[in-house]
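# Observations on the three-dimensional arrangement
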Amino acid sequence: MKKLSAARMEQCIGCHSCSLACARLVHKQLSWNKAGIRIRSSGGMAAGFEAKLCLACSPAPCAEACPTGALSQRKGGGVIQKRKLCIRCGKCAAACPVDAIFLDHLVNPYVCIHCGRCVAFCPHDCLEMKEISVKEEGAS
Amino acid sequence: MIRDFFRVSVVDLDSGRMNVAEHEGRDLVAGGGGLAAMLFREYGHADRPWDDPDQPLIFAIGPLTGYFPLMSKTVCAFKSPYHDQYSESHAGGRSALSMRFGDMDALVIKGRARRLSALCIGARRFEIRDVEFLRGRDTLSSGKILRSMFPGSGRRSMLRIGPAGENGCAYACINVDTYRHFGRMGAGGVMGSKNLKAIVILGDRGFALPETPAYPKLFQTLYQQLTDTEIMNKYHGLGTAVNVAPLNELKSLPWRNLQATHDPEPGGITGEKMAEERLLRNAACAGCPVGCIHIGYIREQFKKNYQYRYRQVGYDYELLFAVGSMLGVTDSFNALQLMDTVELMGLDVMSAGVALAWATEALEKGILTEEQTIVPLRFGDAANYEKAIVHLGRAENDFYALLARGTLKAASVLGGADFACVLGQEMAGYATGEVFFVAEALGFRHAHLDTGGYSYDQKHEDKDVRRAVDFLVEDEKKRCFLTAMVSCLFARGVYGDDMLGQALESVGYARLAQDQDSVGENIQRLRWRTRIETGYDPDAVDIPKRYQEVVTWKGEVDPEYMAALKREYARRIRELGKPPEE
Ligand code: SF4
Ligand code: SF4
Ligand code: SF4
């Protein structure tokens, strides 16, 4: 089981290539929001950039908050998303401690599934896919 | 494609309301510069002055914005306070993607707010707020306040002006997301005349992508070409600053108000020195993995006992020329310090540097007095230039208010026109020879990027007027199409006709893909026609005498060749700008 982390954000140039790639490849969207990773400046461009990204919690508060099972615990951390089950209550986003779930205007949640497809599109090597150990008690 | 027509947000600052207008014409003007000219014809007034409240300030993006890498720029069009004619300026930052995701192909701003205001606009947002308390504030501290007033980090682009824009400076810029600018031709002055301190564009929508396999495949190819290959290395590595040393060697770098084109001691302002000693990091426009923005640092002791403040300052070739070599400033800290001050005031750096270079020589020659310049301007004296930049931005006295209208305007009142380094506006940093001088002086934006005149000079020693002008006209046409997309011109090596065609086709613009040449020409004609209708006469453009005294690697400039080029280019421009036949 692998997990994406924005491990070297001090190298980030703010190009949004990662979020655009996630939106494009994972969600079939032209967007920089409807993505598992979103880039923002940390208070103006001069202060550098940060990534809004799922930390792969285990247990995952967002999954615990989800009343329908649209988000369920992924082994090792993070969530598995089943869009069809989502009733768009927005509880997942409210539960996430790091604002990693983006809700669009129709309250569709966008969250990282740790597939790693964005990694190749970061020109500055900011992102990293790392093996995580699967702890049994973390599984649902 | 998102739609085959244009969706235009039209904001009226008089009434405080907005309207969404739909315009046909995608297959004729494509977007960007073409769309802007079309919209000026609809919303603008050729016969009224630039600061008539009803004149529009236009921002436009292209059909490929967001879809492909480096389609990351915005065209800003307006009647210029510099010469009261139609003009354009281009910038990146997050502006283009914010407009795309804010669901507008163009933004047209009309009217004049009663008090200094900030506009916030997005796909689901419209608000005009009073920011009278920001009057006179520099761009940096204004940005901090505006950011907290209009949250939306990560999907927000912020356009703002400094004191120079509020004071009606003819070369005030619009700062875009701190490190990019609508720099030339006084777009900031237009915003100032509208009582508009800032425009915040929120890009909060998304769009479905084409479901064909062609699109993601082509994206992949283009992305690879733009990142893996050598083509873009120059822009990412040293950045455009890499040009300082070779242009100096080529006797093409303007020094001390273009009294020389070479200096044996360029000191700390070469790209290499800047990178080794001052570069902190790179940054990019949204949607561009190249990251050509270079950010250096300045550190200043403000108190004894090791108390420092520091600041991050973006630098580029043009800046190193304008406040570096042109002012004889060769210390990198000093140059960055001047760039920072120019930034705070919201001035166009090229015009500000060149204007002060002229003022320095005028003071030396006794045309100006120290009473007028307030500080004794001397080439190389950065501390006084720093003060002068503030005086200029704040239009401190009659002299600086006059200089803020343009160097040639000041020279027409005070004398010294012979050595004003003005090619349509204060020159860009390429003293490469006759073709460039004529190209910039007469070119549409009076920018070095209107055509590749500077590179033509470097490649051709012959003096074939016909061939040179043919090149300028043809090259401009190609760039017209690219700036309708609106591509970063650094990507022009990758986005050739074939690639652009494939890109357009893959997102549903098959007609545009096929008609690139005719659409490019259509845009070229439309822009010139619009320009000429607002009073442009290419024959009336003066190339100051200083340009006849320039010595490049080819030797002395040939005044006769230059005059012949100018005549022929003016003829071609007039021809391009003719009204279409019935
Ligand atoms: S979305 Fe938030 S709460 Fe859910 S696993 Fe990721 S970081 Fe944890
Ligand atoms: S790992 Fe996959 S889901 Fe997560 S941000 Fe990257 S592309 Fe999106
Ligand atoms: S792709 Fe890399 S450099 Fe670009 S915004 Fe994402 S993390 Fe930053």
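Secondary structure assignment for chain A yields 3 helices and 9 strands. The order of helices and strands in chain A, counted from the N terminus, is β-α-β-β-β-α-β-β-α-β-β-β. Computed over C-alpha atoms, the radius of gyration of chain A comes to 15 Å, within 12% of the 14 Å expected from 2.2 N^0.38 for 140 residues, which places it in the range of a compact globule. Judged by the C-alpha coordinates and their principal axes, chain A covers about 40 × 35 × 25 Å. In chain A, which comprises 140 residues, the share counted as buried stands at 52%. In chain A, once contacts between residues fewer than 6 apart in sequence are set aside, the share between residues at least 24 apart is 54%. If you sum the accessible surface of chain A, you get close to 6,200 Å²; carbon and sulfur atoms cover 54% of it.

A few words on helix H21 (residues 497-506) of chain B. All names here are of chain B. Residues Met499, Leu500, Gly501, Ala503, Leu504 and Ser506 constitute the buried set of H21. Tucked into the core, H21 has its buried residues touching helix H7 (214-227), helix H20 (465-482), helix H22 (510-514) and helix H23 (516-533). Just beyond H21, the residue with positive phi is Gly508, at close to 100°.

In the vicinity of ligand 3, the contacting residues are A:Cys12, A:Ile13, A:Gly14, A:Cys15, A:His16, A:Ser17, A:Cys18, A:Ile39, A:Phe121, A:Cys122, A:Pro123 and A:Cys126. Across the shell around ligand 3, the residue classes tally to 9 nonpolar, 3 polar and no charged.

To continue, consider the environment of B:Val242. Residues and elements named next belong to chain B. Take Val242: it is sitting in the loop between helix H8 (233-236) and helix H9 (244-249). Along the primary structure Val242 and Lys273 are separated by 31 residues, whereas in three dimensions their C-alpha atoms are 9.7 Å apart. Leaving out residues up to four positions away in the same chain, Val242 has contacts with Lys234 and Gly271.

Turning our attention to the nonpolar core. By size, the foremost hydrophobic cluster in this structure holds 149 residues, and its most contacted members are B:Phe59 and B:Trp358. If you tally residues by element for this core, the top one is helix H13 (residues 349-364) of chain B, at 11 residues. With near-sequence residues (within four places) excluded, B:Phe59 lies in contact with B:Thr74, B:Val75, B:Cys76, B:Met99, B:Asp105, B:Ala106, B:Leu107, B:Ile109, B:Leu159, B:Ile174, B:Phe182 and B:Ile199. Residues A:Leu127, B:Tyr215, B:Val290 and B:Ala513 belong to the second largest nonpolar core, which totals 81 residues.

In this section: the packing of aromatic side chains. Counted according to the given criterion, the structure contains 24 aromatic pairs over all chains. Between B:Tyr67 and B:Tyr215, the aromatic rings sit 5.9 Å apart at their centres with planes inclined by 85°, giving edge-to-face as the arrangement. Of this pair, B:Tyr67 sits in the loop between strand S3 (57-60) and strand S4 (74-79) while B:Tyr215 sits in helix H7, placing them 148 residues apart in sequence. Taken together, the ring pairs connect A:Phe121, B:Tyr67, B:Phe68, B:Tyr215, B:Phe219 and B:Tyr223 into an aromatic cluster. The lysine or arginine in question, B:Arg278, covers the ring of B:Phe333, its NZ or CZ lying 3.8 Å from the ring centre. For B:Arg299, the ring lying beneath its charged end belongs to B:Tyr308, and the centroid distance is 3.8 Å.

This next bit is on unusual backbone geometry. The step from A:Ser58 to A:Pro59 runs through a cis peptide bond, and the omega angle for that step is 0°. In this structure, B:Leu70 takes a positive phi of about 70° despite not being glycine. With respect to the helices and strands, the residue B:Leu70 is situated in the loop between S3 and S4. The phi angle at B:Thr178 is positive, at roughly 70°, despite the residue not being glycine. With respect to the helices and strands, B:Thr178 occurs in the loop between strand S10 (174-176) and strand S11 (180-182). Judged by relative accessible area, B:Thr178 falls into the buried class, the value being 10%.

What follows is about the pairing of strand S15 (residues 293-303) of chain B. Residues and elements named next belong to chain B. In this structure, strand S14 (residues 279-283) lies alongside S15, joined through 4 bridges in antiparallel fashion. Within S15, the position partnered with Leu279 by the bridge is Gly296. Taken together, the 9 bridges between S15 and strand S16 (residues 307-315) define a ladder with antiparallel strand orientation. The partner of Arg299 across the bridge, within S16, is Tyr310.

Right, let's talk about the environment of B:Arg571 for a bit. In this structure, B:Arg571 sits in helix H24 (residues 559-576). Considered as a pair, B:Arg571 and B:Asp539 are 32 residues apart in the sequence and their alpha carbons are 8.2 Å apart.

Along helix H18 (residues 434-442) of chain B, 9 of the 9 residues are buried, which leaves the element largely enclosed by surrounding structure. Taken together, the buried positions of H18(B) are occupied by B:Glu434, B:Val435, B:Phe436, B:Phe437, B:Val438, B:Ala439, B:Glu440, B:Ala441 and B:Leu442.

A common measure of how large an interface is: the accessible area buried when the components associate. Every contact between the two is made by 40 residues of chain B and, on the other side, 31 residues of chain A. Between chain B and chain A lies a buried interface of about 2,700 Å² when both sides are counted; carbon and sulfur atoms form 60% of it. On the chain B side of the interface with chain A, the three residues burying the most area are B:Arg94, B:Leu209 and B:Tyr223, jointly 19% of the side's total. The interface formed by chain B and chain A includes 13 residue pairs in polar contact (both at pLDDT 80 or more). For the side of chain B that touches chain A, the elements supplying multiple residues, two or more each, are helix H3 (95-101), strand S13 (207-208), H7 and S14 of chain B. Classifying every residue of the side of chain B that touches chain A by side-chain character gives 18 nonpolar, 13 polar and 9 charged. Inspection of the sheet shows strand S2 (residues 29-30) of chain A paired to S13(B) by 2 bridges, in the antiparallel sense. Its bridge partner being in S13(B), A:Leu30 is matched across the sheet by B:Phe207.

Before going further, it helps to examine the side chain of A:His124. Mapping A:His124 onto the fold places it in the loop between strand S8 (109-110) and strand S9 (128-131). Residue class for A:His124 comes out buried when judged on its relative accessible area of 18%. Those residues within four positions of A:His124 in sequence are excluded, and the remaining contacts are A:Gln11, A:Ile13, B:His236 and B:Asn282.

Residue and element names in this part refer to chain B. Strand order in the open sheet formed by 6 strands is S2-S1-S6-S3-S4-S5, with mixed pairing between adjacent strands. At either end of the open sheet lies a strand with only one pairing partner, and these are strand S2 (17-23) and strand S5 (86-91). Averaged over all pairs of adjacent strands, the angle between strand axes in this sheet comes to 20°, irrespective of strand direction. As paired strands, S3 and S4 are joined by 3 bridges and run antiparallel to one another. Each residue of the ladder has a partner; that of Phe59, found in S4, is Cys76. On top of the sheet, helix H2 (residues 32-43) reaches strand S1 (6-12), S2, S3, S4, S5 and strand S6 (106-110); it is set at about 150° to S3, its chief contact.

Once that is clear, we can look at the sheet that holds S16(B). Pairing between the strands of a sheet comes from backbone hydrogen bonds, and it takes one of two forms, parallel or antiparallel. Residues and elements named next belong to chain B. Taken in spatial order, the 3 strands of this open sheet run S14-S15-S16, and their pairing is antiparallel. Every interior strand has two partners, whereas the edge strands, S14 and S16, have only one. The sheet shows a mean angle of 30° between the axes of neighbouring strands, taken without regard to direction.

Turning our attention to the packing of H18(B) against H24(B). Residue and element names in this part refer to chain B. Interaxial distance between H18 and H24 falls to 9 Å at its minimum, and their mutual angle equals 35°. Remark: the crossing between H18 and H24 carries right-handed chirality. Between H18 and H24, the residues in contact are Glu434, Val435, Phe437, Val438, Ala439 and Leu442 and Tyr561, Met562, Leu565, Lys566, Tyr569, Ala570 and Ile573, respectively. In terms of residue class, the contact of H18 with H24 is built from 11 nonpolar, no polar and 2 charged.

Rules used in this analysis
- Residues numbered from 1 in each chain as written.
- Chains lettered and ligands numbered in written order.
- Predicted model: local features only at pLDDT ≥ 70, side-chain atom pairs only at ≥ 80, totals over all residues.
- Heavy atoms only, no water.
- Helix = DSSP H or I, 4+ residues; strand = E, 2+ residues; numbered from the N terminus.
- Rg over C-alpha atoms; globule rule 2.2 N^0.38 Å.
- Buried < 20%, exposed > 50% of the residue type's maximum accessible area, 1.4 Å probe, protein only.
- Contact = heavy atoms within 4.5 Å.
- Areas by Shrake-Rupley, 256 points an atom, 1.4 Å probe, with all protein chains shown as cover.
- Near = heavy atom within 4 Å.
- Nonpolar A, V, L, I, M, F, W, Y, C, P; charged D, E, K, R; others polar.
- Core = buried A, V, L, I, M, F, W, Y, C linked by side-chain atoms within 4.5 Å.
- Phe/Tyr/Trp six-rings, centres within 6.5 Å; stacked < 30°, edge-to-face > 60°.
- Lys NZ or Arg CZ within 6 Å of the ring centre and 35° of its normal.
- Pairing = 2+ DSSP bridges.
- Buried area = accessible area lost by both parts, 1.4 Å probe.
- Polar contact = N/O pair within 3.5 Å; in protein donor to acceptor, adjacent residues only side chain to side chain.
- Axes fitted to C-alpha atoms, helices over the stretch in contact; angles between N-to-C directions.
- Left-handed = near helix turned anticlockwise from the far one by under 90°.

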